[in-house]
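# Architecture at a glance
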Amino acid sequence: MGASDFTKLPHIGEALKRKEDYRYLTGGGQYTDDITLAAQCHAVFVRSPHAHARIKSIDLAKAKAAPGVIEVYIGEDVAADKIGGLPCGWLINNPDGSPMKEPPHPILAQGKVRYVGDHVAMVVAQTQEQARNAAELVEVDYEVLPSVVRVTEAAKAEALHEQAPDNHCYKWAIGDKGQVDAAFAQAAHVTRLDLVNNRLIPNAMEPRAAIGSYSRATEEYTLYVSNQNPHVERLLMTAFVMGLPEHKVRVIAPDVGGGFGSKIYLYAEDVCLTWAAKKLNRNIKWTAERSESFVSDAHGRDHVSHAEMAMDKDGKFLALRVHTHANLGAYLSTFATAVPTILYATLLAGQYATPQIYVEVDAWFTNTAPVDAYRGAGRPEATYLLERLVTRAAWETGLGQDEIRRRNMITSFPYQTPVALQYDTGDFPALLERSNELAEVAGFAQRKAASEAKGLLRGIGYSSYIEACGIAPSNIAGALGARAGLFECGEIRVHPTGSVTVFTGSHSHGQGHETTFAQVVAARLGISPDQVDVVHGDTGRVPFGMGTYGSRSLAVGGTAIMKALDKIEAKAKKIAAHLMEASDADIDFVGGEFVVRGTDKKIAFGQVALTAYVPHNYPLDKLEPGLNETAFYDPTNFTFPAGTYICEVEVDPATGVVRLDRFTAVDDFGNIINPMIVEGQVHGGLVQGIGQALLENCIYDPESGQLLTGSFMDYAMPRAGDVPNFQLDTLVTPCTHNPLGAKGCGEAGAIGSPPAVINAVLDALRPLGVKDMDMPATPARVWEAIEAAKH
Amino acid sequence: MQVELKVNGKSQQVDVPSHTLLVQLIREKLQLTGTHVGCDTAQCGACTVLMNGRAVKSCNVLAAQASGAEITTIEGLAQPDGTMHPMQAAFKDCHGLQCGFCTTGMVMSAVDLCHKHPNASEGEIRDLLEGNICRCTGYQNIVKAVQQGGQAMKAAA
């Protein structure tokens, strides 16, 4: 079925209320910490209080003797049992072809700790309180070493790892440097910009949690874990860390309270619990306290970049040159190395036909928590850099923020960028024009005058983003260093009575798959979404899966479901043909009925389903009974959602307070199944992006390496009063290479919004002579910038 | 120590250590796991319950302080036949939730907010929700749900 036929089906494009909401709204959700297993005991982790230290000795005597303590494990126990370190899933090579530095990432420290929060010991006790109390009694003698937290200072700091004496993990480059340098030599104007992409802490509202369980009777492990991709978690843990038979391990990610990337990864705690569950023959639960989440969840962003755009006399882009230092933290998290390279530099063409682009990335180890994908993952960093640069170029050349974008936008597809990606479709000028209209840009001058009358400054900021979603064609990802496939799996189980259970390798942690996927299946089979249930997050029930991240669920997971539905339809047609004594080729499936073309003969889907399981009148000689099909889908390209965002802010020059007054987002996500859910995804993404631009900043003390923003009292999470209502619209150019025509919508808001906000702040401050502003634009920073510009 | 209290209309006698928090009593002793713990500094509001009709963060109340109190958790908000409270229904109708984790606390806060401020404006609702953090929704649909749920509560009163 093609994407255009698909959108005409019932329930497609319908704002169906979510099937999962009742359980969440009535307290019936089952998050990992809500699960209590028989004779469950509790684990607490002893974490490093130092950013960098050698462990001289550990005295466990008092802890082991404490009430209720069952066992205390340290790095030596892990080494004795030959449990490996956590693997990195993406290999990046240096320009000379040598591989990145890949030092061990132990699940419990082996002689050294490398960031505040690094795992030193695991205490297991009968109750959580006993485990906590005993953890206080673990005596670790540390020799504190000098530490480094800033990426630009990593090169001259004390080495974290023997394998990387200068703390350098890799250098990576893309593009033709010679051509770029030549274009710069010819340029009429060059715009330059230095910027920092501030480090963020994801802070899903459900802290990470896990329960390790083992059955001696069956030799089977079960791990409940708050995670976005249980099959990958299992694969990494069994094949690369513990050497366990994969079929003996079941990973269940039940209701998961938000992820935003931070729950993609295999974490040390998950392995420790699984390992200890067998050793102790006990069910062991661990739930992070929020302060633990702050120090031990993978963080996001943390880039320091220099960018230059070469232009001709008309403001047409000739070439882009970028250098980025990326902070990877103390160890390589699961996808850490792909974020500042494959997911970043390849997006730097943006929506523009810049003929030449060269990007160089240096990635470094520092004494901070590992950095990995956080909502957008590389693409927000690319968009922030490019869209800040483009707006600055507009101001330097005297063009409007919209005009410079319009002049440089790609208008014909497919479009091969100079940084590897090929965009299949889009209409970038239309998004810009619609955004201009919806944002009532024509009235900006009047609103600005009204603000000025109140003594306030008003600014407008643009951002035209593109992202690559639907990760990814496995062969291309493999050539770029991925150590896994990136397909998805879906199974459709039609029950004898015609209701359907869908098993998907995608995982919902707020995205509403139980509703959206049910709409897809109901539309195809001509049944009600109420008759379709979606199962996800359990390796024991779902055949396989690569999980949810990179806005891939609908484009890749949804397509796997479509492929399985194709098989269901093909088989059901054969059954229907048999029942109606017609040829397979003469059967059409329309509105839930099989029809013999050109006749009034028809039979309902439910009748066919029943026949498949009660095959009394059935072509058993050539067709198996049953109606249950599985499909794997490997995409042929990335998908490319795009949009233009326009932000208006009011700045109080006396206090530096920025008030976000208006925000308009016009997106192209391809075909939309459930517009209500899509809007919700955009809202959430926007507030995370606005949070980065105005509020959020992860700060480590440069001297001690202590995390200074380690609680919700120190790390400014956006609250309801910090943001306005948003103006949204969508335009549609269907994705050309999946049957849903879908592109993905989960990350767009977080990708597109930060530069729109900062461009607006700078536009407001321009008359005062302020030229630059790093995120977050807090009142203190804005006020200081205003004061500095006076002198 | 013995704590006697009424939870969702049912009298309970619970034996807990004196430093037990109300949220621990609710989750661990009564297995009412709809009340969530999202932080350790009384900031996020995921653990919000009604104590004598007033929204409190149950991570910031000792179980002993709830002695003799009437507690309503999210499990006690719907009618006995499972029909959702107007505020719950409004959250569903307005897509005011995504992952669901903050939702239960958010709904309990919203019920209290609308009792105390039945005519709150959108801006006032935003300010009054300051004690509840949501990472998924961007708040727009939560605010809409509180407005709609508040109207429905007034109509039902």
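Residues numbered from 1 in each chain as written. Chains lettered and ligands numbered in written order. Predicted model: local features only at pLDDT ≥ 70, side-chain atom pairs only at ≥ 80, totals over all residues.

### Concerning the overall build of chain B
Going by this rule: A run of H or I in DSSP becomes a helix once it reaches four residues, and a run of E becomes a strand once it reaches two; helices and strands are each numbered from the N terminus. It is over C-alpha atoms that the radius of gyration is taken, and the globule rule equals 2.2 Å times the number of residues to the power 0.38. We call a residue exposed when 12 or fewer other C-beta atoms sit within 10 Å of its C-beta, buried when the count reaches 20 or more, and partly exposed for counts in between; the C-beta positions come from the backbone. Contact between two residues is assigned when their C-beta atoms, built from the backbone, lie within 7 Å.
Tallying secondary structure elements over chain B gives 5 helices and 5 strands in all. Tracing chain B from N to C terminus, the helices and strands come up as β-β-α-β-β-β-α-α-α-α. For chain B, the C-alpha radius of gyration of 15 Å lies close to 15 Å, the compact-globule estimate for 157 residues. Relative to its full complement of 157 residues, chain B shows a buried share of 58%. Of the contacts made within chain B by residues no fewer than 6 positions apart, 61% connect residues no fewer than 24 positions apart.

### Looking at the environment of Leu22(B)
Residue and element names in this part refer to chain B. Tracing the sequence through the fold places Leu 22 in helix 1 (residues 22-29). According to the C-beta neighbour criterion, Leu 22 is buried, with 27 such atoms within 10 Å. For Leu 22, the contacting residues outside a window of four places in its chain are Ser 58, Val 61, Leu 62, Ala 63 and Ala 66.

### Focus: the interface of chain B and chain A
By a widely used convention, the size of an interface equals the accessible area lost when the partners come together. For the record, the criterion: Under the convention adopted here, Pro, Cys and the residues Ala, Val, Leu, Ile, Met, Phe, Trp and Tyr are nonpolar, Asp, Glu, Lys and Arg are charged, and Gly plus all remaining residues are polar.
Listed per partner, the contact involves 44 residues of chain B and 38 residues of chain A. Its residues assigned to classes, the side of chain B that touches chain A shows 20 nonpolar, 16 polar and 8 charged.

### A word on the sheet that holds strand 4 (residues 54-57) of chain B
All names here are of chain B. Defined as follows: Paired strands, as defined in this entry, are two strands with at least two bridges between them according to DSSP. Here the axes come from fitting lines to C-alpha atoms, over the contacting stretch only for helices, and the angles between their N-to-C directions go from 0 to 180 degrees.
Taken together, the 5 strands give an open sheet; going across it, the order is 2-1-5-3-4, and neighbouring strands pair in mixed fashion. Two strands in the sheet have a free side with no partner beyond their single neighbour: strand 2 (10-15) and strand 4. Across the sheet, the mean angle separating the axes of adjacent strands is 40° when strand polarity is ignored. Of the pairings in the sheet, the one linking strand 3 (residues 48-51) to strand 5 (residues 70-72) comprises 2 bridges and is antiparallel in character.

### Some details on the domain arrangement of chain B
Residue and element names in this part refer to chain B. Selection criterion: Bear in mind that the domain bounds are from an automatic or database domain assignment.
In terms of domain boundaries, chain B breaks down into domain 1 (2-75) and domain 2 (86-156). Centre-to-centre separation of domain 1 and domain 2, based on C-alpha positions: 21 Å. Taken together, the contacts link 15 residues of domain 1 with 13 residues of domain 2. Those elements that place two or more of their residues in the side of domain 1 that touches domain 2 are strand 3 and strand 4. When residues of the side of domain 1 that touches domain 2 are assigned to their parent elements, the largest contribution, 3 residues, is made by strand 3. Broken down by class, the residue content of the side of domain 1 that touches domain 2 amounts to 7 nonpolar, 7 polar and 1 charged.

### Section: the domain arrangement of chain A
Residue and element names in this part refer to chain A. The domains assigned to chain A are domain 1 (3-29 + 487-633), domain 2 (32-145 + 207-256 + 263-296) and domain 3 (303-472 + 637-790). Of note, the centres of domain 2 and domain 3, computed from C-alpha atoms alone, are 36 Å apart. Across the contact, 22 residues belong to domain 2 and 24 residues belong to domain 3. Grouping the constituent residues of the side of domain 2 that touches domain 3 by class yields 12 nonpolar, 6 polar and 4 charged.

### Topic: the nonpolar core
Residue and element names in this part refer to chain A. Put simply, the test is: Residues enter a nonpolar core if they are buried, belong to Ala, Val, Leu, Ile, Met, Phe, Trp, Tyr or Cys, and are joined to the set through C-beta atoms within 7 Å.
Counting 315 residues, the largest nonpolar core has Val 123, Leu 348, Val 521, Val 757 and Val 761 as the members making the most contacts within it. For this core, the element with the most residues is helix 16 (residues 553-579), which contributes 12 residues. In this structure Leu 348 touches Leu 320, Val 322, Ile 357, Val 359, Ala 382, Leu 386 and Val 419, once residues within four positions along its chain are discounted.

### Concerning helix 1 of chain B
All names here are of chain B. Of all 8 residues making up helix 1, 6 are buried, and the element is well covered by its neighbours. Burial in helix 1 covers these residues: Leu 22, Val 23, Gln 24, Leu 25, Ile 26 and Arg 27. Where helix 1 is buried, its residues contact strand 1 (2-7), strand 2 and strand 3. Phi turns positive, to about 55°, at Gln 31, one or two residues after helix 1.

### Some remarks on the pairing of strand 13 (residues 303-311) of chain A
Moving residue by residue along a regular strand, the side chains alternate between the two faces of the sheet. Residues and elements named next belong to chain A. Across 9 bridges, strand 8 (residues 189-197) lies against strand 13 in antiparallel orientation. From the neighbouring strand, Leu 193 faces strand 13, where its bridge partner is Ala 307. Summarising the sheet, strand 13 and strand 14 (residues 317-327) pair through 9 bridges and their orientation is antiparallel. By the bridge assignment, Ser 305 is partnered in strand 14 with Thr 324. Between strand 13 and strand 14, which pair antiparallel and follow one another directly, the connecting turn spans 5 residues, one of which, Gly 315, has a positive phi of 80°.

### A closer look at the sheet that holds strand 24 (residues 602-604) of chain A
All names here are of chain A. A sheet is described by the order of its strands in space; here 3 strands give the open sequence 22-23-24, paired in antiparallel fashion. The open sheet has two free edges, formed respectively by strand 22 (587-590) and strand 24, since each of these has just one partner strand. Neighbour-to-neighbour, the strand axes of the sheet open up by a mean angle of 25°, direction not taken into account. As paired strands, strand 23 (residues 593-596) and strand 24 are joined by 3 bridges and run antiparallel to one another. Paired with Val 595 across the two strands is Lys 602, which belongs to strand 24. Those strands touched by helix 16 are strand 22, strand 23 and strand 24, and its axis lies near 120° from that of strand 22.

### Quick notes on the packing of helix 3 (residues 103-116) of chain B against helix 5 (residues 140-156) of chain B
All names here are of chain B. Operational definition: For classification, angles of less than 35 degrees are called roughly parallel, those exceeding 145 degrees roughly antiparallel, those between 65 and 115 degrees roughly perpendicular, and all remaining angles oblique. Note on convention: near helix rotated counterclockwise from far helix by under a right angle means a left-handed crossing. Clockwise means right-handed.
Look at helix 3 against helix 5: their axes get within 10 Å of each other, and the N-to-C directions meet at 50°. Comparing the axis directions of helix 3 and helix 5 gives the class oblique. Relative to helix 5, the crossing made by helix 3 is right-handed. Listed contacts from helix 5 to Met 106, Ala 110, Leu 113 and Cys 114 of helix 3 are Ile 142, Val 146, Gly 149, Gly 150 and Met 153. Looking at the contact of helix 3 with helix 5 residue by residue, the class counts come to 7 nonpolar, 2 polar and no charged.

### A few points about unusual backbone geometry
All names here are of chain A. A cis amide bond, omega -5°, links Ile 471 with the succeeding residue Ala 472. Following the sequence through the fold, Ala 472 ends up in the loop between strand 18 (457-466) and helix 14 (474-479). Note that the residue after Met 775, namely Pro 776, is joined by a cis bond; omega there is -5°. Within the secondary structure layout, Pro 776 lies in the loop between helix 19 (748-765) and helix 20 (779-790). With a phi angle near 70°, Asp 302 is a residue other than glycine that sits in the positive phi range.

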